[in-house]
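Structural characterization, general
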There are 2 protein chains.
Amino acid sequence: MIINPENIPQRTTSTYPEEFKQRVAGRIKQAVGNAALIKNFGVNLVKLAPGSCSALRHWHSKQDEFIYVVEGEITLITNAGEQILTPGMMAGFPAGKADGHHLINKSSQVVIYLEVGDRTPNDEVDYPDDDLIASSSENGWIFSHKDGSEY
Amino acid sequence: MIINPENIPQRTTSTYPEEFKQRVAGRIKQAVGNAALIKNFGVNLVKLAPGSCSALRHWHSKQDEFIYVVEGEITLITNAGEQILTPGMMAGFPAGKADGHHLINKSSQVVIYLEVGDRTPNDEVDYPDDDLIASSSENGWIFSHKDGSEY
């Protein structure tokens, strides 16, 4: 199944609780892996407008993540601070490593990157900077406060 | 873990039985996913010299595959015949779909692409054009003739 990204729907919505949605405004995702009928892992082509970010800073308990920078200059934030990634550079975020990460477009140009993540069940996500945790379910992510109460 | 491909070892060898190794001469793989400590799926940055190909034409019983074309023009061969992929185009090869695929560089320039595959155990690979099958094991691929006899 060949994928030309021009033909893939662009999603700008987020499944975060309402109070966090604005944080990823300016993010466009295209589910190119799903479009190619791949099931064991997800692949998204992501565009970040200047000032936008990939996600809230987070790490996964069971699912690995990997990104490849296609275009533009992006700032990776981890416990180590800020690092700049340029086209052709990549980064991996191994499952279970308690080091929250996200990508911020601090430049004045659109950034494009490819993100890959597997779909290991019973995954949990911690958001170290926010009162938020998530757990995977068959119907998508279930978000809650850190004390377990619902949003 | 940030990956700059300039720092990742280049592998030109193949695990195919001896009589097939020449078919992928001119192929260079860099295991960028392993370098990033990702375990649930593999990511390789692959360079194909003019005339070289990605693999023998094959399909997997359980593992999905996905590619993203970074540079150059590559020819995808499937049961549908030949299709040309250009930079920014992608293709997915869903597990269990009995349609062998491989990529051939029929151009005069080096082709670069990213390949992703998961690591679902007990995978089997069929090579429709060759007297070859493979099965996954903890120690890598085990190749045999189609009648089950060893190489």
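Residues numbered from 1 in each chain as written. Chains lettered and ligands numbered in written order. Predicted model: local features only at pLDDT ≥ 70, side-chain atom pairs only at ≥ 80, totals over all residues. Heavy atoms only, no water.

- Where an unreviewed UniProt entry is consulted, chain A appears under the name Cupin, with the organism given as Dulcicalothrix desertica PCC 7102.

**Let's talk about the pattern of salt bridges**
Residue and element names in this part refer to chain A.
- Applying the stated rule across the entire model yields eight salt bridges over all chains.
- Residues Glu 115 and Lys 29 are paired through a salt bridge, measuring 2.7 Å at the closest nitrogen-oxygen approach. Of this pair, Glu 115 sits in strand E10 (residues 111–118) while Lys 29 sits in strand E2 (residues 27–30); the two residues are 86 residues apart in sequence, bridging distant segments of the chain.
- A salt bridge links Lys 106 to Glu 82, with the shortest nitrogen-to-oxygen separation between them at 2.4 Å. Here Lys 106 is found in the loop between strand E9 (102–104) and E10, whereas its partner Glu 82 is found in strand E7 (residues 81–85), with 24 residues between them in sequence.
- Exposure remark for Glu 82: the relative accessible area of 51% places this residue in the exposed category. (Salt bridge = Lys/Arg side-chain N within 4 Å of Asp/Glu carboxyl O. Helix = DSSP H or I, 4+ residues; strand = E, 2+ residues; numbered from the N terminus. Buried < 20%, exposed > 50% of the residue type's maximum accessible area, 1.4 Å probe, protein only.)

**Notes on the UniProt feature "domain: Cupin type-2" (unreviewed entry) in chain A**
- Mapped onto the present numbering, the UniProt feature "domain: Cupin type-2" (unreviewed entry) falls at residues 45–116 of chain A.
- Within residues 45–116 of chain A, the helical portion is 0% and the strand portion 50%, while the C-alpha atoms at the span's ends are 9 Å from each other. (UniProt positions renumbered as here; feature names shortened; annotations may be inferred.)

**Here we look at the sheet that holds strand E10 (residues 111–118) of chain B**
- Read from one edge to the other, the open sheet built from six strands follows the order E1(A)-E8(B)-E5(B)-E10(B)-E3(B)-E2(B), with strand pairing classed as antiparallel. Among the strands making up the open sheet, the edge pair consists of strand E1 (2–3) of chain A together with strand E2 (27–30) of chain B. (Pairing = 2+ DSSP bridges.)

**Regarding a negative patch on the surface**
Residues and elements named next belong to chain A.
- On the surface, Glu 18, Glu 19, Asp 131 and Asp 147 cluster together into a patch of negative charge.
- Relative to the helices and strands, Asp 131 resides in the loop between strand E11 (124–127) and strand E12 (132–137).
- Given a relative accessible area of 38%, Asp 131 falls into the partly exposed group. (Patch = residues over 30% accessible without salt bridge, like charges linked within 9 Å, V, L, I, M, F, W, Y side chains within 5 Å. Areas by Shrake-Rupley, 256 points an atom, 1.4 Å probe, with all protein chains shown as cover. Lys, Arg positive; Asp, Glu negative; His and termini not counted. Charge placed at Lys NZ, Arg CZ, Asp CG, Glu CD.)

**Here we look at the pairing of strand E6 (residues 74–78) of chain A**
All names here are of chain A.
- With five of its five residues buried, E6 lies for the most part within the structure.
- The alternating pattern of E6 places Ile 74, Leu 76 and Thr 78 on one face and Thr 75 and Ile 77 on the opposite face, and all of these are buried.
- Sheet topology places E6 next to E7; five bridges connect them, and they run antiparallel. Pairing of Leu 76 across the sheet is with Gln 83, part of E7.
- Examined bridge by bridge, E6 and E9 share three bridges and lie antiparallel to one another. Among the inter-strand pairings, Ile 77 is bridged to a residue of E9, identified as His 102.

**Brief notes about the sheet that holds strand E3 (residues 41–48) of chain A**
- Strand order in the open sheet formed by six strands is E2(A)-E3(A)-E10(A)-E5(A)-E8(A)-E1(B), and the pairing between neighbours is antiparallel. The sheet terminates laterally at E2 of chain A together with strand E1 (2–3) of chain B, the two strands that pair on one side only.
- Pairing of E2(A) with E3(A) involves four bridges; the strand directions are antiparallel. Of the residues in E3(A), the one forming a bridge with Ile28(A) is Lys47(A).

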